Amino acid sequence: MIRRWLAPVLLVLALCVAAGAGDWEEEKRIPAEQLVPTLQEGLQLLAQAEPAELTPLAEEQGLELVQGRVTVVAETTERFHSADVAGIGGRVIYETDGLVEVSIAPGRLVPLAKLPGVAFVRRPYEARALSLSEGVPLTGTPAWHTEGITGQGVRVAVIDLGFSGLTRARNLGRLRHVVRTVDYTGVGLETVTVHGTACAEIVQDMAPEAELILMKIATEVQLARAVEDAIAWGATVISHSVGWFNTNFYDGTGVIGDIVRDATARGVLWVNAAGNHARAHWGGSWTDTTGSGFLEFAPGVEMNQFELSRGETV
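Model, not experiment: these values are computed from the prediction.

Chemist: Is there a simple way to explain the overall build of the chain in this structure?
Modeler: Secondary structure assignment for the chain yields eleven helices and eleven strands. Residues classed as buried in the chain amount to 37% of the 314 residues present. Surface accessibility of the chain: about 17,500 Å² in total, with carbon and sulfur atoms responsible for 54%.

Chemist: Explain the sheet that holds strand 9 (residues 237–240) to me, please; I cannot follow it from the model alone.
Modeler: Strand pairing within a sheet occurs via backbone hydrogen bonds; the two strands may be parallel or antiparallel. Across the sheet, five strands lie side by side as 7-8-6-9-11; this open sheet has parallel pairing. In this open sheet, the two strands that pair with only one neighbour each are strand 7 (178–183) and strand 11 (269–272). Taking each pair of neighbouring strands and ignoring which way they run, the sheet shows an average axis angle of 15 degrees.

Chemist: Looking at this model, I keep getting lost on helix 9 (residues 195–206). Mind explaining?
Modeler: Helix length check: helix 9, at twelve residues, gives a terminal C-alpha distance of 17 Å against a target of 16 Å (1.5 Å per residue), a fit within 8%. Summarising burial for helix 9: nine of the twelve residues are buried, a large majority. All of the buried residues in helix 9 are His 195, Gly 196, Thr 197, Ala 198, Cys 199, Ala 200, Glu 201, Val 203 and Gln 204. The secondary structure elements touched by the buried residues of helix 9 are strand 5 (126–129), strand 6 (155–160), helix 8 (166–171), strand 8 (211–216) and strand 9.

Chemist: Can you help me understand the confidence of the model for the chain in this one?
Modeler: Caution applies to low-pLDDT regions: their predicted coordinates should not be interpreted in detail. Per-residue pLDDT for the chain averages 88, and the proportion of residues at 70 or more is 89%. Here residues 1–26 is a poorly scored stretch, pLDDT under 50, and it has 26 contacts once near neighbours within four places are set aside; other chains count.

Chemist: It is not clear to me how the pattern of salt bridges should be interpreted in this structure. Could you clarify?
Modeler: Side-chain pairs of opposite charge can arise where the charged atoms are in close proximity. What the rule picks out here adds up to nine salt bridges. A salt bridge links Arg 122 to Glu 75; its shortest N-O distance comes to 2.7 Å. Pair noted here: Arg 122 is in strand 4 (residues 118–122) and Glu 75 is in strand 1 (residues 70–76), with a separation of 47 residues, a long-range link. Among the residues examined, Glu 75 registers a relative accessible area of 23% and is labelled partly exposed. Between Arg 225 and Asp 229 there is a salt bridge, with its nearest N and O atoms 3.4 Å apart. Of the two residues, Arg 225 and Asp 229 are both situated in helix 10 (residues 220–232); the distance of four residues between them amounts to about one turn of the helix.

Chemist: For this particular structure, what's the right way to read the pairing of strand 1?
Modeler: Within a regular beta strand, the side chains point alternately toward one face of the sheet and then the other, so they alternate between its two faces. The element strand 1 is largely enclosed, with a buried count of five among its seven residues. With six bridges joining them, strand 1 and strand 3 (residues 99–104) adopt antiparallel strand pairing. Counted as the bridge partner of Val 70 is Ile 104 from strand 3. Where strand 1 meets strand 4, four bridges bridge the pair, whose relative direction is antiparallel. Paired with Val 73 across the bridge in strand 4 is Arg 122.

Chemist: Explain the nonpolar core to me, please; I cannot follow it from the model alone.
Modeler: Membership of the largest hydrophobic core comes to 30 residues, with the highest contact counts inside it found for Ile 159, Met 215, Ile 217, Leu 223, Val 227 and Trp 244. The element best represented in this core is helix 10, accounting for seven residues. Leaving out residues up to four positions away in the same chain, Ile 159 has contacts with Met 215, Ile 217, Leu 223, Ala 226, Val 227, Ile 238, Ser 239, His 240, Ser 241 and Val 242. Grouped together as the second largest cluster of nonpolar side chains are 27 residues, Val 102, Leu 112, Val 118 and Val 121 included.

Chemist: Would you mind showing me how to read the packing of aromatic side chains here?
Modeler: Remark: the centre distance and the inter-plane angle together describe each pair of aromatic rings, the angle taken between the planes. What the rule picks out here adds up to two aromatic pairs. Both rings, one in Trp 282 and one in Phe 297, keep their centres 5.1 Å apart while their planes meet at 80 degrees; by these two values the pair is edge-to-face. Residue Trp 282 is located in the segment after strand 11, and its partner Phe 297 is located in the segment after strand 11; the two are separated by 15 residues in the primary sequence. Look at Trp 282 and you get partly exposed, because its relative accessible area is 38%. For the cation-ring pair, Arg 122 lies above Tyr 125, with the distance from its terminal atom to the ring centre recorded as 3.9 Å. In this structure, Arg 180 is placed above the aromatic ring of Trp 233, and the distance from its NZ or CZ to the ring centre is 3.9 Å.

Criteria and thresholds
- Residues numbered from 1 in each chain as written.
- Predicted model: local features only at pLDDT ≥ 70, side-chain atom pairs only at ≥ 80, totals over all residues.
- Heavy atoms only, no water.
- Helix = DSSP H or I, 4+ residues; strand = E, 2+ residues; numbered from the N terminus.
- Buried < 20%, exposed > 50% of the residue type's maximum accessible area, 1.4 Å probe, protein only.
- Areas by Shrake-Rupley, 256 points an atom, 1.4 Å probe, with all protein chains shown as cover.
- Pairing = 2+ DSSP bridges.
- Axes fitted to C-alpha atoms, helices over the stretch in contact; angles between N-to-C directions.
- Expected span 1.5 Å × (residues − 1).
- Contact = heavy atoms within 4.5 Å.
- pLDDT = per-residue confidence, 0-100.
- Salt bridge = Lys/Arg side-chain N within 4 Å of Asp/Glu carboxyl O.
- Core = buried A, V, L, I, M, F, W, Y, C linked by side-chain atoms within 4.5 Å.
- Phe/Tyr/Trp six-rings, centres within 6.5 Å; stacked < 30°, edge-to-face > 60°.
- Lys NZ or Arg CZ within 6 Å of the ring centre and 35° of its normal.

What follows is the structure in structure tokens.
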């Protein structure tokens, strides 16, 4: 049963219960008295795993084990000094206000979590490229073009998860005003997905004379760094057709919301895709025939349930 104001909280709780309702989860729990409070429990499991367990356990948590190291995010305070990371065998990839992206061996995660100024060490947030659409004629943009409003003098940063096919798009003249490209991931600008290239083409279609900065990121720390650089390089518009899952209660709070607010407070127009990733929705008017204060999803039905098996994503 879901009260109107309790719905988001209870949904989160229900997902947590479903995710933990199996023998696998029970076997993998760490006794409460042994938990490191500044380290995500899954990472502590990884830190304590036997060598043969490292790769499958990392994959189960959405992490990639590369040359014996994983990438994590440390939330930090003013007491933190990045030089301390090297002292325990880690490497700082990117650092921004309150967030540090670190490459480190799993066995060194606990020392990382115990460094001065480290408030919490966790997995990077999950980013997903969102759907695309062709909107130039639908939005009446040709009328603006006819009046000579084509984006001249405007610099747009497209921050995305990959730019596959970028060279071909530029050679074909689909992207004519790319003034800078940056790969913050280190694995190549034209890898992972074509999504960023497609988004850049949409921006160019809507504003043919706008200048483009194309920036490839994979984590929230890289996003923060890209935003800082984009503003420093003169971008007044940021296009970010990416969804960040489970980073907050979808109310504008949290790390991603803070990054956006910082940019808009500095005069940047932030354009973000939203609401086009889900494949199923419940919709209807608020109905409460019993006066219980709970929404009825169907007549007399005050629960809307679904089940998850291990490895499934919601």
